[in-house]
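Residue strings, one per chain:
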Amino acid sequence: MTFRLIQAILAIILLCNITYAAGQESTASLSLSPQFCITADVEQSCEIELVLNWETTYPQVVCIMSDHSDLEKWCADSPNTHSLTVKVETQKDIQFVMIDKESHQTLAGVKLKVTPTSSPQVRRRYRNPWSLF
């Protein structure tokens, strides 16, 4: 009976710790400016300067990673750094992810969308140019 009581107490303590840890999760936000890059053609690449800004609930050192091959992982030097400016050239969308430098936990993400303009629609004349009506 004592063994079952100890098991029950340990289970309650474990559940309390899990509930407390879930309540302590950080809510971080990552924003990108501009969020879109509009190109004149599908084959044309987008050359743009991006500004990433972030906020965290408590001071922490973060790293920024992306799925773009030319951009390397960047980590802040201090928890007081809250922005990053990068120049990119791409034809595809780029996903940025902010992670905690110590725990490598993903905190937030944002995406740059590359959109080509649509080709102008050519309107066809239904009448002959010499028609009177």
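Before reading further, recall that the structure is shown in the block above.
Residues numbered from 1 in each chain as written. Predicted model: local features only at pLDDT ≥ 70, side-chain atom pairs only at ≥ 80, totals over all residues. Heavy atoms only, no water.

1. Remarks on the side chain of glutamine 60
- Of note, glutamine 60 is situated in the loop between β3 (46-55) and β4 (62-66).
- For glutamine 60, a relative accessible area of 8% puts it in the buried group.
- Only 3.1 Å separates the side chain of glutamine 60 from the side chain of aspartate 100, close enough to count as a polar contact. (Helix = DSSP H or I, 4+ residues; strand = E, 2+ residues; numbered from the N terminus. Buried < 20%, exposed > 50% of the residue type's maximum accessible area, 1.4 Å probe, protein only. Polar contact = N/O pair within 3.5 Å; in protein donor to acceptor, adjacent residues only side chain to side chain.)

2. Some words on the sheet that holds β3
- Pairing in this open sheet of three strands is antiparallel, and the strands run β1-β3-β6 from one edge to the other. In this open sheet, the two strands that pair with only one neighbour each are β1 (29-33) and β6 (83-90). Going across the sheet, the axis of each strand differs from the next one's by a mean of 25°, ignoring polarity.
- One ladder, built from eight bridges, connects β3 with β6; its direction is antiparallel. Across the sheet, residue leucine 50 finds its bridge partner in β6, namely valine 86. (Pairing = 2+ DSSP bridges. Axes fitted to C-alpha atoms, helices over the stretch in contact; angles between N-to-C directions.)

3. Quick notes on the state of the cysteines
- Enumeration according to the criterion identifies two disulfides in this entry.
- Across the disulfide, cysteine 37 is cross-linked to cysteine 46 (sulfur-sulfur distance 1.6 Å). Handedness of the cysteine 37-cysteine 46 disulfide follows from its S-S torsion of about 110°: it is right-handed. When sorted by exposure, cysteine 37 lands in the same class as cysteine 46, which is buried.
- Here cysteine 63 connects covalently by a disulfide to cysteine 75, the sulfurs 2.0 Å from one another. Around the S-S axis, the bridge from cysteine 63 to cysteine 75 shows a dihedral of about 105° and counts as right-handed. With cysteine 63 in strand β4 and cysteine 75 in strand β5 (residues 74-75), this pair connects stretches of sequence that are 12 residues apart.
- Taking relative accessible area as the criterion, cysteine 63 reaches 1% and is therefore assigned buried.
- Listing the disulfide partners of the protein by sequence rank of the bonded cysteines yields 1-2, 3-4. (Disulfide = S-S within 2.5 Å.)

4. Digging into the side chain of threonine 90
- Here threonine 90 lies in strand β6.
- Owing to a relative accessible area of 7%, threonine 90 belongs among the buried residues under this scheme.
- A polar atom in the side chain of threonine 90 sits 2.9 Å from the backbone oxygen of lysine 92.
- Look past the residues within four positions of threonine 90 in its chain and what remains in contact with it is Ser45, Cys46, His68 and Val114. (Contact = heavy atoms within 4.5 Å.)

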